[in-house]
Amino acid sequence: MLFNSYPFILLFLPVVLAGYFWFGRRSNLAPVIWLALASLAFYAIGSWQFVALLLLSIAFNYGVGHLLIVAKLTPPQRKAALALGVVGDLLVLGIFKYAGFATDNINALFGTHLAVHILLPVGISFYTFTQIAFLVDAYRGQVAAYALPHYALFVTYFPHLIAGPILHHKDMIPQFEREESKHPDPHLILCGMIIFAIGLFKKTCLADGIQPLVALAFDARAPSFDQAWLGALAYTFQLYFDFSGYSDMAIGISLMFGIFLPINFNSPYKATSIVDFWRRWHMTLSQFLRDYLYIPLGGNRRGRVLRYVNLLLTMLLGGLWHGAAWTFVIWGALHGVYLCVNHAFNALVPSVPAILARPVRFAGAVLTFLAVVAAWVFFRAERVDWALRILNAMADPANIVFGREEIAALVMVSIYAALVWLAPNTQAIMGYDHGNRRVGEAMRAGRMRPLVLYGASLVLALGILGIQSHSEFIYFRF
């Protein structure tokens, strides 16, 4: 089921909210079970054939976690239990996500004709990473014993299940255990609706609105210089508003239930370096890769050379996490190289004279954005040679068309660029403070209520009117 669909907005969400608060008047556990069942129903409506896999994954990881938390195991037994859990998770992910990719490469190398066709379960990357983090923390002794309903809800919680953000048990399960969140809070519900409206507008009006321009570069057999740039920029902004819109909607929906989700976006195209970019883009994935991959690999503790190797490995695997294709591998490798260059520059030039600070930041922002756009070409292209064809066109200013269609596209891309760089982001508008569990304090104090409510009503109306019959989020594929 899509957040940007009439059945979800007009039926599913109101019914689940009403049931959650109705059960909340009678029990502290019943709303958790209700919400977990509703989340399974949400998943089953679009992916019924994978519900059993999701339940098996929950049972397997909860069982292994229970062993690590409660059972009195010796250190070797604890290591074996962790290995069992992580290998089991990665094995399932590998079979469903990478078996076809591996087979294609074997066929290409050895001239065989093996065929593997396995449907990719929606959300498998997100709920697998979420549970691997749980097992690792359980092994480290950083997890309390959780009841099965709370754990099941932590994994299946429908605002994040399909496309993130990647949740952390220490952040979420205590919130599910709180009795206060089971009672309706008009302020949180209002703020949640406003944030949801902003996200819906981003998806249906902005992301879906610019999507046709992407074809200028990615569907053309031989794009010109301007077509390649306009198409690449259109995809850059489509992906931004699509994923940012989803993240806002997830936060808004969850807020209506009294649950704060982590921020996943913080104006990433305003980044002044690639390091800064990864602190702002898909923030929960960046944190997962840092805490459960980069640091266990050794991080920066074993010298500069190994640090760069660890960065490259982390980003390569981060690229593969996004999809089983060489285009994603190259995208991850590019960002790994970008990060290495960035860290090497910081090591060689530890400080910049004050008079040059602003020009250097500006140059860093421009360079970062161009590097990100070039990498998105691989992220979006169907094949590596198609991506190279587009990048070649972007580097050939002698081949320009610039007809009526290209001029219209330039105007549209310019408007999107202005929105990205000049407009405040959603958390700034709403004062969303995930760490302190606060949102809309200015509204509560009555300082901005009319303006925000009028604006939210407008974007909600435009967002609902902009709903198309079927418009999936880009991150559904991952």
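The sections below set out a description of the structure shown in this document. Treat the numbers as computed from the prediction; the structure is a model and nothing was measured.

1. So, the layout of surface pockets
So, step 1. Size it by volume and the largest pocket reaches roughly 1,000 Å³.
So, step 2. Around the largest pocket sit 35 residues that line it, and Ser 273, Ile 274, Val 275, Leu 339 and Asn 342 are the ones nearest its centre.
So, step 3. Breaking the lining of the largest pocket down by element, the ones donating at least two residues are helix H12 (274-280), helix H13 (283-297), helix H14 (304-322), helix H15 (326-348) and helix H16 (354-380).
So, step 4. In terms of residue class, the lining of the largest pocket is built from 20 nonpolar, 11 polar and four charged.

2. Looking at helix H9 (residues 186-210)
So, step 1. In this model H9 runs 35 Å from its N-terminal to its C-terminal C-alpha over 25 residues, within 8% of the 36 Å that 1.5 Å per residue would give.
So, step 2. Of all 25 residues making up H9, 18 are buried, and the element is well covered by its neighbours.
So, step 3. The distance from a side-chain oxygen at the start of H9 to the backbone nitrogen of His 187 is 3.0 Å, and the residue carrying that oxygen is Asp 185.

3. Structural notes on the pattern of salt bridges
So, step 1. Applying the stated criterion across every chain, the model contains 10 salt bridges.
So, step 2. Taking the shortest distance from any N to any O, the salt bridge between Asp 171 and Arg 437 comes out at 2.8 Å. Of the two residues, Asp 171 is situated in helix H8 (residues 169-177) and Arg 437 in the loop between helix H19 (426-430) and helix H20 (441-444); the sequence distance between them amounts to 266 residues.
So, step 3. Taking the shortest distance from any N to any O, the salt bridge between Asp 433 and Arg 438 comes out at 4.0 Å.

4. Considering the packing of helix H5 (residues 124-139) against H13
So, step 1. Where H5 contacts H13, the two axes come as close as 11 Å, and the packing angle between them is 35 degrees. Along this stretch, H5 crosses H13, giving a crossing that reads as left-handed. On H13, the residues that touch Phe 129, Ile 132, Ala 133, Val 136 and Asp 137 of H5 are Leu 285, Phe 288 and Tyr 292.
So, step 2. Classifying every residue of the contact of H5 with H13 gives seven nonpolar, no polar and one charged.

5. Remarks on empty space enclosed by the protein
So, step 1. Across all of its chains, the model carries one cavity of 30 Å³ or more by this definition.
So, step 2. Counted as a void, the largest cavity has a volume near 70 Å³.
So, step 3. Lining the largest cavity we find Ile 195, Ser 247, Asp 248, Ile 251, Ile 263, Asn 264, Phe 265, Thr 426, Gln 427 and Tyr 432.
So, step 4. Of all elements in the fold, only helix H11 (225-256) and H19 reach the threshold of two or more residues within the lining of the largest cavity.
So, step 5. Per-element accounting of the lining of the largest cavity gives the leading share, three residues, to H11.
So, step 6. Counted by class, the lining of the largest cavity contains five nonpolar, four polar and one charged residues.

6. Let's talk about the environment of Phe 378
So, step 1. If you trace the backbone, Phe 378 turns up in helix H16.
So, step 2. Residue Phe 378 is classed as buried on the basis of its relative accessible area of 7%.
So, step 3. Sequence-wise, Phe 378 and Leu 334 are 44 residues apart; in three dimensions their C-alpha atoms are separated by 9.5 Å.
So, step 4. Leaving out residues up to four positions away in the same chain, Phe 378 has contacts with Thr 327, Ile 330, Trp 331, Leu 334, Val 384, Ala 387, Leu 388 and Leu 391.

7. Regarding unusual backbone geometry
So, step 1. Even without being a glycine, His 282 presents a positive backbone phi close to 40 degrees.
So, step 2. Within the secondary structure, His 282 is located in the loop between H12 and H13.

8. A word on the side chain of Arg 280
So, step 1. With respect to the secondary-structure elements, Arg 280 resides in helix H12.
So, step 2. Looking at Arg 280, its side chain comes within polar contact range of the main-chain oxygen of Ser 267, at 3.1 Å.
So, step 3. Separated by 3.2 Å, the side chains of Arg 280 and Asp 276 make a polar contact.
So, step 4. Those residues in contact with Arg 280, other than ones at most four positions away along the chain, are Asn 264, Phe 265, Asn 266, Ser 267, Pro 268, Lys 270 and Ala 271.

Analysis parameters
Residues numbered from 1 in each chain as written. Predicted model: local features only at pLDDT ≥ 70, side-chain atom pairs only at ≥ 80, totals over all residues. Heavy atoms only, no water. 1 Å grid on protein atoms, 1.4 Å probe; cavity = no way out; pocket = protein on both sides within 12 Å on 5 of 7 lines; lining within 4 Å. Points joined across faces, edges and corners; volume = space filled by probe spheres on them. Helix = DSSP H or I, 4+ residues; strand = E, 2+ residues; numbered from the N terminus. Nonpolar A, V, L, I, M, F, W, Y, C, P; charged D, E, K, R; others polar. Expected span 1.5 Å × (residues − 1). Buried < 20%, exposed > 50% of the residue type's maximum accessible area, 1.4 Å probe, protein only. Polar contact = N/O pair within 3.5 Å; in protein donor to acceptor, adjacent residues only side chain to side chain. Salt bridge = Lys/Arg side-chain N within 4 Å of Asp/Glu carboxyl O. Axes fitted to C-alpha atoms, helices over the stretch in contact; angles between N-to-C directions. Left-handed = near helix turned anticlockwise from the far one by under 90°. Contact = heavy atoms within 4.5 Å.

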